[in-house]
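Per-entry structural report
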Amino acid sequence: MSTGNSDNSTVIQLDKLSVNLGGRLILDGLSVELKGRTIGLLGPNGAGKSTLINTLLGFYAPSMGTARVFGHDTRAEARLVKSLIGYMPENDSFIADMNAVTFIRMMAELSGLPAQTALERAHECLFYVGLGEARYRKLGTYSLGMRQLAKLAQAIVHGPKLVILDEPTNGLDPPARRRMLKMIREMRDNAGMRIVLCSHLLRDVEDTCEEVVILKGGKIVHYANLEEERRANKRFVELETVGDDEGFAIAMENLGATCAMAGKGRWKMVLPAEFNFRDLYQVASDKDLELRRLNYRKDTLEDIFLKAMTQ
Amino acid sequence: MAVYKRSYTSYSGALTPPRTRFLVLPRYSYERLFKSRFLVGFLVACLFFPLGCIGYIYLVNNLTIFQSMGIPTPGFLKIDGKFFLVFMNFQGALAYVLTALIGPNLIAPDLANNALPTYFSRPFSRTEYVIGKISVLFILLSIITWVPGMLLFGVQASQAGWDWSVANWYILRGILLGHITWILLLSLISVAMSAWVKWKVVAGALILGIFGIGAGLAQIINSILRTDYGSMIDISRIMYTIWSDQFGIETSTGLEAFEAWIGFAAVCIVCLLMLERKIRPKEIVR
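Bear in mind the structure is a predicted one, so any value in this text is a computation, not a measurement.

A short note on the pairing of strand β3 (residues 38-42) of chain A
All names here are of chain A.
- Among the five residues that make up β3, five are buried, leaving the element largely enclosed by the rest of the structure.
- Burial along β3 is two-sided: T38, G40 and L42 facing one way and I39 and L41 facing the other are all buried.
- In the sheet, β3 pairs with strand β8 (residues 194-198) via four bridges, with the strands oriented parallel. The residue bridging I39 from the neighbouring strand is V196, located in β8.
- Strand direction decides the pairing type here: β3 and strand β9 (residues 211-216), joined by four bridges, are parallel. Looking at β9, one finds that I39 is bridged to E211.

Here it is in structure tokens:
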């Protein structure tokens, strides 16, 4: 069985995907290819995020187009796709009068793990998420934060290649939120797991994701590769200078930078990829120029999101 | 890996065959069901009557008193189709009560806790889920119906000899077919009710009540339209007709065997449609 989950492979591929539910078009011709290790799914309420997740899980059938996970069609190869996915739902989704170990063991067995292995992994996962001491308590007695952790444990117990996390930090206090985000990064970096994170909290997505898809009205209104944006932001600087800035601009252009004046003593520069910042200070010193301010451009995810919402 | 090493590792070991995965559900259901002492007690009590029947068969086949007096064994002590039909009716009624006790616990808790997305996000289909839940009842009801029925037939065959077995093989067929159809019907009704009503108590009442409601409606239809076709929605009559037909016994249910089979099929189809509509990972709000 080839899952094709090497680092550069496509995790999710949508090709003109449309989903019609109850006579309403919920997803309208989505086309995108996502390769990031952590993919953020953003959008206002009713944008179609949950429908997209449910379609990836094979719960809803596309009315047109296809959705593929690791190259496998979510409808034609539903069983295989589901064996590769772990799903942490937004709402509570477990049997309240079962204890955590039993529930997670059962879910592992339903994913195909032998009974003994399922028991071992249920214990391991509960310790990993931090519920080790409470693992024999009934799920119904858990606090909101503990329930989130139990949902995460059941999503990863069978060792999926891709985990879909729907609002994983909902209801968590700041330390628990930080721990959840740390676990997400750990799973990505140490276990090689691919992650789809659906959240309203832009900061969480910004902290963990490499790619972001923004949905609005069932359509993709923006796709951003956050890693590339971060790199690009570092190459774009805004300067305020006092002194002979004409000569400074020429010297910077000789070093490969592109300069544009934005007012007296105010410059915007795009620096070349391998630019050494010491050269900038050296040029300023040579020209006897005072650098009053140097800012990197920093488009936050909030800026990107708000820009996308105006489209 | 020891649990104290709190790091996560992926899993690349062996997997169980997908065909047998539905059996995970009965295993976990039994773990929960058998915590109830009442249920365990009831299940044991359900085996008393078959034990009594075994004793009766032994006695009937070993009544030396009549033989020593040179008179034939009285007719009412014969082990024949009627005897096994009485056995089936009694055990069938117990199976019905057991279904009403167990049935509501099958699907209702999963629906009440919104657990279906967690089940179906795994390589586990809706069909497997329903088969898994039905097998909880199928296995338990088998223990008190056709399994002891076969045992009784075996005891009688061993006592009465090969000729009796050859002449009465239809009894064996009747026990198997009759009880399995009964279990199938009870299981389907039970899971369908459990899927439609999230409250366990109401689901239990519905499972019990559906037989009475069917019988009442059948009576009304028969009286108003002056026909017997109304009995096709009376589940007890349907089953009694099917069983009696298997044992070659005339009944006064007003139904022909084929009509009873049509009624049986219709009830099963309705239950399957109800399950198809309700057992979904996500409900589509129109």
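Description of the environment of L255(B)
All names here are of chain B.
- With respect to the helices, strands and loops of the structure, L255 is situated in the loop between α13 (235-247) and α14 (257-278).
- Under the relative-accessibility criterion, L255 is labelled buried at 7%.
- A sequence separation of 26 residues divides L255 from Y229, and the C-alpha atoms of the two residues are 7.3 Å apart.

Here we look at the domain arrangement of chain A
- What the domain assignment reports for chain A is domain 1 (12-217) and domain 2 (230-299).
- Taking only C-alpha atoms, the centre of domain 1 of chain A and the centre of domain 2 of chain A are 44 Å apart.

Some points on the packing of aromatic side chains
All names here are of chain B.
- What the rule picks out here adds up to 18 aromatic pairs over all chains.
- Taking 5.7 Å as the distance between ring centres and 15° as the angle between the ring planes, the aromatic pair formed by Y56 and F83 counts as stacked. One end of the pair, Y56, is in helix α3 (residues 48-61); the other, F83, is in helix α5 (residues 81-102), and 27 residues separate them in sequence.
- For F83, a relative accessible area of 14% corresponds to the buried category.

Digging into the pattern of salt bridges
- Counting across every chain of the model gives 18 salt bridges over all chains.
- As a salt-bridge pair, R32(B) and D97(A) come within 3.3 Å of each other at their nearest N and O atoms. Of this pair, R32(B) sits in helix α1 (residues 24-33) while D97(A) sits in the loop between β6 (85-88) and α3 (100-110), each in a different chain.
- On the accessibility criterion, R32(B) (25% relative accessible area) is partly exposed.
- R203(A) serves as the salt-bridge partner of D207(A), at 3.5 Å between the closest nitrogen and oxygen.

Conventions used here
Residues numbered from 1 in each chain as written. Chains lettered and ligands numbered in written order. Predicted model: local features only at pLDDT ≥ 70, side-chain atom pairs only at ≥ 80, totals over all residues. Heavy atoms only, no water. Buried < 20%, exposed > 50% of the residue type's maximum accessible area, 1.4 Å probe, protein only. Helix = DSSP H or I, 4+ residues; strand = E, 2+ residues; numbered from the N terminus. Pairing = 2+ DSSP bridges. Domains from an automatic or database assignment. Phe/Tyr/Trp six-rings, centres within 6.5 Å; stacked < 30°, edge-to-face > 60°. Salt bridge = Lys/Arg side-chain N within 4 Å of Asp/Glu carboxyl O.

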